[in-house]
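Commentary on secondary and tertiary structure
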Amino acid sequence: MKVILIGPPGAGKGTQAARAAEAIGVPRVSSGDLFRDHLRRDTELGRLARSYMERGVLVPDDVTIMMVMGWVTDREGEGGFLLDGFPRTPGQAEALDEAMVEQGGIDRAVNIKVSREVLVRRLAGRLICRNCQTSYHKEFAPPRNEDECDLCGGELYQRDDDRPEAVVKRIQVYLDETAPLVEFYRRSGILREVDGEGAVERVGDAIMDALNGRAGRRELP
Ligand code: AMP
């Protein structure tokens, strides 16, 4: 099964992507994590992406497409994939569609919907584990020990782009550049939409229903 998760920053894509990919047994990747890995390793691609990421704007399509499609190609034969945070522009969606033609195309695009107010609150309190990327929230999902990951003991930190100025910018970038993708996938008939404001388990169940096709009829173009 080939799945993409769409949603604004703070919608819970990372958390839900990990759960859903495990449940359906496919590898998953977050394009943001791939970029952060390049930043950490100080690769040429990382140095190129840094200035865009720090400003909360999108990295240019050619670089992003090359990086993510490389990941996808390396996992051919693993029964599909789940992409979190890619595609994010119509150009990326078209590149993915073209690359997937021979494999029958993408099966599902799941849009996680969350209001702007909730997004800002979630992002401003978010903490991430430097080691395993698990996310926590200062208020809503605090770690057992301050600044330490419950799962691996790694150090928790606040991403530079979760600072208030960058958060507002990222949400605007989402509305301008990524929201139109929802229409793109609606027209192609593979879109499912879920309410992302409930508890993690409830949102996760809704996503599984969407992937299993139990959420109702296929949307008509
Ligand atoms: P994320 O972790 O998904 O919020 O991504 C963090 C940052 O990485 C974004 O603000 C962008 O600068 C960059 N990025 C991640 N995914 C993409 C993408 N598909 N296209 C362009 N830039 C991206």
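Residues numbered from 1 in each chain as written. Predicted model: local features only at pLDDT ≥ 70, side-chain atom pairs only at ≥ 80, totals over all residues. Heavy atoms only, no water.

On inspection of all chains with the given rule, the structure shows one aromatic pair. With a centroid separation of 5.0 Å and 80° between ring planes, the pair formed by Phe184 and Tyr185 is classed as edge-to-face. As far as the burial class goes, Phe184 and Tyr185 line up, both buried. In this structure, Arg130 is placed above the aromatic ring of Tyr157, and the distance from its NZ or CZ to the ring centre is 4.2 Å. (Phe/Tyr/Trp six-rings, centres within 6.5 Å; stacked < 30°, edge-to-face > 60°. Buried < 20%, exposed > 50% of the residue type's maximum accessible area, 1.4 Å probe, protein only. Lys NZ or Arg CZ within 6 Å of the ring centre and 35° of its normal.)

Under the definition given, this model contains 13 salt bridges. The shortest N-O distance in the salt bridge between Asp37 and Arg40 comes to 3.9 Å. Residue Asp37 and its partner Arg40 are both found in helix H2 (residues 31-41); the two are separated by three residues, about one turn of the helix. The partner of Arg186 in a salt bridge is Glu183, and the shortest N-O contact between them spans 3.1 Å. Taken together, the residues Arg186 and Glu183, both in helix H7 (residues 164-187) and three residues apart, mark about one turn of the helix. The partly exposed category is assigned to Arg186, whose relative accessible area is 24%. Overall, Glu183 belongs to the partly exposed group, its relative accessible area being 37%. Where salt bridges share partners, they join Arg126, Arg159, Asp161, Asp162 and Arg170 into one cluster. (Salt bridge = Lys/Arg side-chain N within 4 Å of Asp/Glu carboxyl O. Helix = DSSP H or I, 4+ residues; strand = E, 2+ residues; numbered from the N terminus.)

Below, the discussion takes up helix H4 (residues 61-74). Here H4 contains 14 residues, and its C-alpha end-to-end distance of 20 Å stays within 8% of the 20 Å for a straight helix at 1.5 Å per residue. Of all the positions in H4, only Val63, Thr64, Ile65, Met67, Val68, Met69, Trp71 and Val72 are classed as buried. As for H4, its buried residues are in contact with strand S2 (28-30), H2, helix H3 (44-55), strand S3 (81-84) and helix H5 (90-100). (Expected span 1.5 Å × (residues − 1). Contact = heavy atoms within 4.5 Å.)

Look at H5 against H7: their axes get within 9 Å of each other, and the N-to-C directions meet at 40°. When the axes of H5 and H7 are compared, the pair comes out oblique. On H7, the residues touching Pro90, Ala93, Glu94, Leu96 and Asp97 of H5 are Glu177, Leu181, Phe184 and Tyr185. Within the contact of H5 with H7, the residues separate by chemical class into six nonpolar, no polar and three charged. (Axes fitted to C-alpha atoms, helices over the stretch in contact; angles between N-to-C directions. Parallel < 35°, antiparallel > 145°, perpendicular 65-115°, else oblique. Nonpolar A, V, L, I, M, F, W, Y, C, P; charged D, E, K, R; others polar.)

Moving on: the sheet that holds strand S5 (residues 126-129). Pairing between sheet strands relies on hydrogen bonds along the backbone, with the strands arranged either parallel or antiparallel. Spatially, the three strands line up as an open sheet ordered S6-S5-S7, and their pairing is antiparallel. Sheet topology places strand S6 (135-137) and strand S7 (156-157) at the edges, where each strand pairs with a single neighbour. Here S5 pairs with S6 via three bridges, running antiparallel. Bridge assignment links Arg126 to a residue of S6, and that residue is His137. (Pairing = 2+ DSSP bridges.)

The ligand sits among 16 residues. The nearest are Ser31, Arg36, Val57, Gly85 and Gln92. In this structure, an oxygen atom belonging to the ligand sits 2.6 Å away from a main-chain N or O atom of Val57. When the ligand is considered free in solution it has 480 Å² of accessible area, and contact with the protein chains removes 96% of it. The leading source of residues in the shell around the ligand is H2, at four residues. Residues belonging to the shell around the ligand are distributed by class as follows: six nonpolar, five polar and five charged. (Near = heavy atom within 4 Å. Polar contact = N/O pair within 3.5 Å; in protein donor to acceptor, adjacent residues only side chain to side chain. Areas by Shrake-Rupley, 256 points an atom, 1.4 Å probe, with all protein chains shown as cover.)

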